[in-house]
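# Fold and geometry: a report
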Amino acid sequence: MSVSRRGFLGTAIAASITAHLSAQESNPSPSSSEHQHQTDSNAHSASGKKPIMICAGNGVKYIDEAFAFLKAGGDTLDAALRVVKGPEDDPNDDSVGYGGLPNEEGIVELDACCMHGPTRRAGSVGGVRNIKNVSLVSKAVMEHTGHVMLVGEGAERFAVALGFPRENLLTERSRKIWLLWKEAHSLDDWWGPGLADPHWTAPATPTNSPQSQLWDERRQQLEQHAALIGIEPEFRQAAIRRVLVPPTGTIHCSALNEKGEMSGCTTTSGLAFKLPGRCGDSPIIGAGCYTDQDVGSAGATGSGEENIKVAGAHTIVENMRHGMSPLDAGMDALKRIVRNYNNDTNKLKFMDMTYYVLRKDGAYAGVSLWEGYSDGEKHKIVVHDGMKRSETTVALFKGSSHEFPPFPVAMPKELTEDSVYVK
Ligand code: ASP
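### Quick look at the sheet that holds strand E4 (residues 149-151)
Strand order in the open sheet formed by 8 strands is E4-E3-E2-E6-E5-E1-E11-E12, with mixed pairing between adjacent strands. In the strand order of this sheet, the two ends are held by E4 and strand E12 (388-392), each with one partner. The mean inter-strand angle of the sheet, taken between neighbouring strand axes irrespective of direction, is 10°. Across 4 bridges, strand E1 (residues 52-56) lies against strand E11 (residues 380-384) in antiparallel orientation. Across the sheet, residue isoleucine 54 finds its bridge partner in E11, namely valine 383. Sheet strands touched by helix H5 (residues 134-144): strand E2 (110-116), strand E3 (121-128), E4 and strand E6 (262-268). Its angle to E3, the strand with the most contacts, is close to 130°. The strands touched by helix H6 (residues 152-161) within the sheet are E3 and E4, with E4 carrying the most contacts at an inclination of about 105°.

### Some remarks on the sheet that holds strand E7 (residues 289-292)
In spatial order, the strands read E7-E8-E9-E10-E13; together these 5 strands make up an open sheet with mixed pairing. The open sheet has two edge strands, E7 and strand E13 (394-395), and neither has a second partner. Packed on one face of the sheet, helix H11 (residues 312-321) meets E7, strand E8 (296-302) and strand E9 (353-359) and runs near 145° to E8. Where helix H12 (residues 326-340) meets the sheet, it contacts E9, strand E10 (364-368) and E13, and its direction lies at approximately 150° from that of E9.

### Notes on the nonpolar core
In this structure, Ile316, Leu334, Tyr355 and Leu369 are the most contacted members of the largest nonpolar core, which totals 31 residues. If you list the elements that add at least two residues to this core, you get E8, H11, H12, E9 and E10. When residues of this core are assigned to their parent elements, the largest contribution, 7 residues, is made by H12. Look past the residues within four positions of leucine 369 in its chain and what remains in contact with it is Leu334, Val338, Leu348, Met351, Asp352, Met353, Ala395, Leu396 and Phe397. Cys55, Val83, Cys253 and Ile381 belong to the second-largest nonpolar core, a separate cluster that totals 30 residues.

Scoring rules and cut-offs
Residues numbered from 1 in each chain as written. Predicted model: local features only at pLDDT ≥ 70, side-chain atom pairs only at ≥ 80, totals over all residues. Heavy atoms only, no water. Pairing = 2+ DSSP bridges. Helix = DSSP H or I, 4+ residues; strand = E, 2+ residues; numbered from the N terminus. Axes fitted to C-alpha atoms, helices over the stretch in contact; angles between N-to-C directions. Contact = heavy atoms within 4.5 Å. Core = buried A, V, L, I, M, F, W, Y, C linked by side-chain atoms within 4.5 Å. Buried < 20%, exposed > 50% of the residue type's maximum accessible area, 1.4 Å probe, protein only.

No statement about biological role is implied by the geometric values presented.
Given below as structure tokens:
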């Protein structure tokens, strides 16, 4: 997962950003000890060419079984798909597949893509409704059509033709969060309880209240609404958080086997409450995922629009083709995002990006724009090469990304804690 749990920047962030950026630019080689550690360990695995898989944090429960499959001679793409199918099936992971948060009309729309290194093929689907395992549908596009990408209704009908079951992907929990979002943003329409409702209260206006009071009133209204909608008390803060800061979330996985074969895949429900039809980076071959059998494989989670503009996964693989280490290749892609905003940290603080990078010799890196979330939790990648571990990414900027849309006052602690949901 990526920017689903965003946080406020510390006060010294702007200064450290500038310092860190200039250090990166003047010295492209690793500077932090963590950075050095990843490079050293990568050099070790590079000589062994053992099987290895890397994925986003929400793949941690599924990677053991997938790695055993890979080690037993299973195909690299099938191994990677075994990891990402886990969150797709999990109703409690509201960033992917079944249970994903819906678009602004309350309909879940999923994106996915995959690349199979050994046969140099790719498949992709975007904006798919009613089909849970879109990662597998992207593989079916690759195997059963002469196309690479199908979208929307056509992709859904193709999936059904291939035997994928049509099902309602909107869980009750996600529907209620969407309804809360809808009603909370409806001062200008007819959603939400009307004047005749006994619970109706006039919205506070800036003329009669200070900002902090407005904020408190808004939260109280959201809590009342959440109760009326029937959101269980233990989920209310998490639901309110999702309404105030529409989350994103995704899973990517790349795999390498002993023969040196590689594949990658990425799947997501995308940005919560997005416009219908919006596709992020996840279904875009070269942005959300890219694998070249001769070089390596890369994938992304985070601000999809930004990643599309730098063709992140392809950029990283091309960087490695030209000799960069996985770490430097990923950092360079992040710097391209920064360059697109002329280093303007007033904007960059509202986005985040994590890249998962695997070279064909087994060297790997996890890099991110920011270190992590406002509650102090760091961005991590999961690695399995016989030993499963979670590793903190190397961040381009110190500190955490900022809530978007911005909050007028500091976010209360209970809203930054998200333990009731899968992380
Ligand atoms: N990249 C995904 C998208 O933009 C979201 C995410 O990774 O969090 O749809």
